[in-house]
Amino acid sequence: MAASLAAGTLAHARQDALDPALAAASEADREALARIEARVLADYEAGRFAEADAGLVEILPIEIRVYGEDHPIVAATHASRGAVAEAVGDNVAAEAHRRRDLAIRERLDDEEALAESRRALGANLVAQQKHDEALPLLTQAHAVLAPSAPPSDEQIVSAAFNLARALYAGGEPEQALDVLTPSAQALNDPSHDTSAWAALVAFDHGFLLRELGRAEEAAPAFGRACDLWRAHGGISATPGEACLSQAEILKDLGRDAEAEPRLAYALDAPDLTTAGAAMRPST
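Residues numbered from 1 in each chain as written. Predicted model: local features only at pLDDT ≥ 70, side-chain atom pairs only at ≥ 80, totals over all residues. Heavy atoms only, no water.

1. A look at the side chain of D101
Selection rule: To qualify as a helix, a DSSP run of H or I must reach at least 4 residues; to qualify as a strand, a run of E must reach at least 2; elements of each kind are numbered from the N terminus. For every residue, the accessible area (1.4 Å probe, protein chains only) is compared with the maximum for its type, and the residue is labelled buried under 20%, exposed over 50%, or partly exposed between those bounds. Between N or O atoms, a polar contact is any pair within 3.5 Å; within protein, one atom must be a potential hydrogen donor and the other a potential acceptor, and residues adjacent in sequence are included only when both atoms are from side chains. Residue contacts are counted whenever heavy atoms from the two residues lie within 4.5 Å of one another.
Here D101 shows up in helix α6 (residues 91–105). A residue is classified by how much of its surface remains accessible, and D101, at 2% relative accessible area, is buried. A polar contact is formed between the side chain of D101 and the side chain of S117, at a distance of 2.8 Å. Sequence-distant contacts of D101, defined by excluding residues within four places in its chain, comprise A75, A76, H78, A79 and S117.

2. A few points about the state of the cysteines
The cut-off we apply is this: When two cysteine sulfur atoms lie within 2.5 Å, the pair is treated as a disulfide.
Using the criterion set out here, one finds one disulfide in the structure. Across a sulfur-sulfur distance of 1.9 Å, C226 and C243 are joined as a disulfide pair. With the S-S dihedral at roughly 85°, the linkage between C226 and C243 falls on the right-handed side. With C226 in helix α12 (residues 215–232) and C243 in helix α13 (residues 240–252), the pair connects residues that are 17 residues apart, well separated along the chain. With respect to class, C226 is no different from C243; both count as buried.

3. Remarks on the pattern of salt bridges
Pairing of side chains with opposite charge becomes possible as their charged atoms draw close. Stated formally: Take a side-chain nitrogen of Lys or Arg and a carboxyl oxygen of Asp or Glu: if they are within 4 Å of each other, that pair is a salt bridge.
Per the counting criterion, the structure on display carries 19 salt bridges. The shortest N-O distance in the salt bridge between K130 and E95 comes to 2.9 Å. Taken as a pair, K130 in the loop between α7 (111–127) and α8 (131–145) and E95 in helix α6 lie far apart in primary sequence, 35 residues in all. When its relative accessible area of 28% is taken as the criterion, K130 is described as partly exposed.

4. A closer look at the environment of A159
Examined against the element boundaries, A159 turns out to sit in helix α9 (residues 154–169). Between the C-alpha atom of A159 and that of R119, which follows or precedes it by 40 residues, the distance is 5.9 Å. When near neighbours in sequence (up to four residues on either side) are disregarded, A159 contacts R119, L138 and H142.

5. A few points about α6
Worth spelling out the cut-off: Given a helix with a known number of residues, its expected span is that number minus one, times 1.5 Å.
In a regular helix each residue adds 1.5 Å, so 15 residues correspond to 21 Å; α6 covers 20 Å between its end C-alpha atoms and thus fits that length. For α6, the full list of buried residues reads A94, E95, H97, R98, D101, L102, I104 and R105. Looking at the buried residues of α6, the elements they touch are α5 (72–87), α7 and α8.

6. Here we look at a negative patch on the surface
Just so we agree on the cut-off: A patch is a set of surface residues, each over 30% in relative accessible area and not in a salt bridge, joined within 9 Å for like charges and within 5 Å for the nonpolar side chains Val, Leu, Ile, Met, Phe, Trp and Tyr. Areas reported here follow the Shrake-Rupley algorithm with a probe of radius 1.4 Å; residue values treat only the protein chains shown as occluding. Think of it this way: Lys and Arg go in the positive column, Asp and Glu in the negative one, and His and the chain ends go nowhere. A charged residue contributes its charge at one atom only: NZ of Lys, CZ of Arg, CG of Asp or CD of Glu.
Side chains of D109, D110, E111 and E112 sit close together on the surface and give a patch of like negative charge. Tracing the backbone through its elements, the reader meets D109 in the loop between α6 and α7.

7. Description of helix α3 (residues 27–45)
Every α-helical turn comprises 3.6 residues, leaving residues that sit three or four positions apart pointing alike. Stated formally: Directions drawn from the helix axis to the C-beta atoms are what define this arc.
Under the 1.5 Å per step criterion, the end-to-end length of α3 is 27 Å for 19 residues, consistent within 8% with the ideal 27 Å. Turning to α3, its buried residues are D29, A32, L33, I36, E37, V40, D43 and Y44. Taken down its axis, α3 places every buried residue within 135° of arc, on the same side. In this structure, α3 carries E27 and E45 as exposed residues pointing more than 90 degrees from its buried face.

8. Brief notes about the packing of aromatic side chains
Rules: Each Phe, Tyr or Trp ring, with Trp reduced to its six-membered ring, pairs with another whose centre is within 6.5 Å; inter-plane angles below 30 degrees give stacked pairs, above 60 give edge-to-face pairs, and intermediate values give tilted ones.
Tallied over the full model, the rule gives five aromatic pairs. On the basis of an interplanar angle of 65° and a centroid distance of 5.4 Å, the ring pair of Y44 and F49 is categorised as edge-to-face. The buried category is assigned to Y44, whose relative accessible area is 6%. Taking the centre distance of 5.3 Å and the plane angle of 70° together, the rings of F203 and F222 count as edge-to-face. Of this pair, F203 sits in helix α11 (residues 196–211) while F222 sits in helix α12, and the two are 19 residues apart along the sequence. Take F203 and F222: they sit in the same class, and that class is buried. Within the aromatic cluster, the residues linked to one another by ring pairs are F203, F222 and W229.

Keep in mind that these numbers describe shape and distance, not what the molecule does.
Structure, rendered in structure tokens:
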């Protein structure tokens, strides 16, 4: 999920062939930019994140010399360093890179690019449990991005998912559900079964429905998360908690025959996932 968004950021940053600053650059700088850009993309796509970051460090001063410090290409390189750091789980380092990207975007006239920078930094902050800082960024990002694409679009799903978590952490479960529901409904289709987002969104949707006393609606959401994680795996997740959550609801509804196989799935899981942990208030 994050990887494909990051790959898109890396690729988009390189669409600069017609930039007059590049045309005016020295042949040596143009050659270096093309060579290092190609290497960075290849390293990133191959999972060689340390090498990709080294390439970004190497290319940044050349880009600043060619384009100037306040340029979308320079901002995108900071964002790409953030994506690489997140890919190896270093959210603290990634936050610093994301903030440098955002600082440049705030000085430029591109509302959608600014919204994407806010989304990316907000998602990073949610991953670090910094929900209060994330909330305004994600609120602004979602307002701009949501009307621009279907709710199943990966960028929109990311904005909604992380905004919902920030809202829940801030004591607004109803608003969180309102934000997440369009993406949950859109991803509740077999065409999205292999999406890395589908199970995560289904789990959090079920969690919010159950928290708001709508357990009967939560059961199929947990069931979808259980089935997807069992079939396709997940990101830092096993099907355990999703299957168990559905089983508990089904038992409470008196549907024991449906609950038993789900409970068996949960007990067979290596452990219970903490996929929904970020939804719960920290103690």
